[in-house]
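Each chain, written out:
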Amino acid sequence: MFDRRGAFSRRRFGELAAGSILVALGGCTYSVAPTAEQEAAAKSLRSDGRVRLPPGQSLIRALRAMGGAPGDPNPANFRLKVHGEVRKELDIDFKELLAMPQVDQVCDVHCVTKWTLFDSRWRGVRLSHIADLAGVKDSARHIIFEAAEGYTANILLSEGLAPNVLIAHLHNDEPLAEENGTPVRSLVPDLYFWKSSKWLTGIRFSKEDEPGFWETRGYNNHADPWFEERYA
Ligand SMILES: Nc1nc2c(c(=O)[nH]1)N[C@H]1C(S)=C(S)[C@@H](COP(=O)(O)O)O[C@H]1N2
Ligand SMILES: [Mo]
């Protein structure tokens, strides 16, 4: 492979070809068949009675990087603005986020492109904790995640306050990889993964619903994997 890369090195498309070989190899590691244990787990029921692997999904072994316009990865520059229908606006820096009660959570995540990752490990702060600190008004019905480069995603307030919804900064005990949203992303495990905004910059509580980046581009407004709410 290195010979091949060397031979093509004077030509841009050659380098691109070498790059795609690496990507292809990476793809192979992801598509390794699930273990027998995982196959069995897929058919088991969750504590809420739903089957563990939502319909139409297949298991992968490691978190994939699905792209998007990245934000500033430097935790020193991180600010999370909590605003909208709140009694007290917050401007949380990285140290303050780490000083809040931390939750370690193992959960499954489901991408609309039909992969599911079982048992992914996250650490972060419950969104419900931040909502309490800000004093969310009764008028709020929706949460809008705001992220780098204008990315947004909308969820129902009632679903955002679920105990498994986190403002996460560690994945598998490591800081989020840059392509997975470092330093901080939202994590909404029971909705398709596009609702889990990488490079998070704000949490806005809103009276009105406000379809976000993907929701205005043909994706479903709600995104429940068990009802295959994939597209509008
Ligand atoms: N800021 C931001 N967050 C984002 C996106 C994005 O483009 N920008 N893409 C979403 C989509 S479509 C998916 S599937 C997941 C992918 O997360 P991952 O790259 O960590 O797997 O991030 C979501 N969060
Ligand atoms: Mo996605």
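Refer to the structure presented above.
Calculation rules
Residues numbered from 1 in each chain as written. Chains lettered and ligands numbered in written order. Predicted model: local features only at pLDDT ≥ 70, side-chain atom pairs only at ≥ 80, totals over all residues. Heavy atoms only, no water. Helix = DSSP H or I, 4+ residues; strand = E, 2+ residues; numbered from the N terminus. Buried < 20%, exposed > 50% of the residue type's maximum accessible area, 1.4 Å probe, protein only. Contact = heavy atoms within 4.5 Å. Areas by Shrake-Rupley, 256 points an atom, 1.4 Å probe, with all protein chains shown as cover. Near = heavy atom within 4 Å. Polar contact = N/O pair within 3.5 Å; in protein donor to acceptor, adjacent residues only side chain to side chain. 1 Å grid on protein atoms, 1.4 Å probe; cavity = no way out; pocket = protein on both sides within 12 Å on 5 of 7 lines; lining within 4 Å. Sits in = over half its atoms within 2 Å of the grid points. Nonpolar A, V, L, I, M, F, W, Y, C, P; charged D, E, K, R; others polar. Salt bridge = Lys/Arg side-chain N within 4 Å of Asp/Glu carboxyl O. Points joined across faces, edges and corners; volume = space filled by probe spheres on them.

## Remarks on the overall build of the protein chain
Phase 1 of the analysis: Helix and strand counts for the protein chain stand at six helices and eleven strands.
Phase 2 of the analysis: Out of the 232 residues in the protein chain, the part that is buried amounts to 45%.
Phase 3 of the analysis: Sequence separation of at least 24 residues holds for 66% of the intrachain contacts in the protein chain that already meet a minimum separation of 6.
Phase 4 of the analysis: Taken as a whole, the protein chain presents about 12200 Å² of accessible surface, with 54% of it coming from carbon and sulfur.

## Description of the site of ligand 1
Phase 1 of the analysis: Contacts to ligand 1 come from 20 residues, most closely from Arg64, Met66, Asn180, Arg185 and Lys198.
Phase 2 of the analysis: Contact between ligand 1 and Arg64: an oxygen atom at 2.4 Å from a main-chain N or O atom of the residue.
Phase 3 of the analysis: One of the backbone nitrogen or oxygen atoms of Met66 is found 2.7 Å away from an oxygen atom of ligand 1.
Phase 4 of the analysis: Among the cavities detected, the one that contains ligand 1 is the largest pocket.
Phase 5 of the analysis: The class makeup of the residues in the shell around ligand 1 is eleven nonpolar, five polar and four charged.

## Examining the pattern of salt bridges
Phase 1 of the analysis: With the rule as written, the count across this model stands at twelve salt bridges.
Phase 2 of the analysis: Here Arg52 and Asp108 are joined by a salt bridge, their closest N and O atoms 2.7 Å apart. Of this pair, Arg52 sits in the loop between helix H3 (36-43) and strand E1 (58-60) while Asp108 is found in strand E4 (residues 103-110), placing the two residues 56 residues apart along the sequence.
Phase 3 of the analysis: Overall, the relative accessible area of 15% leaves Arg52 in the buried class.
Phase 4 of the analysis: Between Arg204 and Glu210 there is a salt bridge, with the nearest N and O atoms lying 2.8 Å from each other.

## As for the environment of Asp91
Phase 1 of the analysis: By secondary structure assignment, the location of Asp91 is in strand E3 (residues 90-93).
Phase 2 of the analysis: Sequence separation of Asp91 and Phe78 is 13 residues, and the distance between their C-alpha atoms is 9.8 Å.
Phase 3 of the analysis: Not counting residues within four places of it along the chain, the set of residues in contact with Asp91 comprises Arg79, Leu80 and Glu96.

## Concerning the layout of surface pockets
Phase 1 of the analysis: For the largest pocket, the calculated volume is near 430 Å³.
Phase 2 of the analysis: Grouping the constituent residues of the lining of the largest pocket by class yields 13 nonpolar, seven polar and four charged.
Phase 3 of the analysis: Gln38, Ile60, Arg61, Ala62, Leu63, Leu117, Phe118, Asp119, Ser120, His171 and Asn172 are the residues that line the second largest pocket.
Phase 4 of the analysis: Top contributing element to the lining of the second largest pocket by residue count: strand E5 (residues 115-126), with four residues.

These figures capture arrangement, not role.
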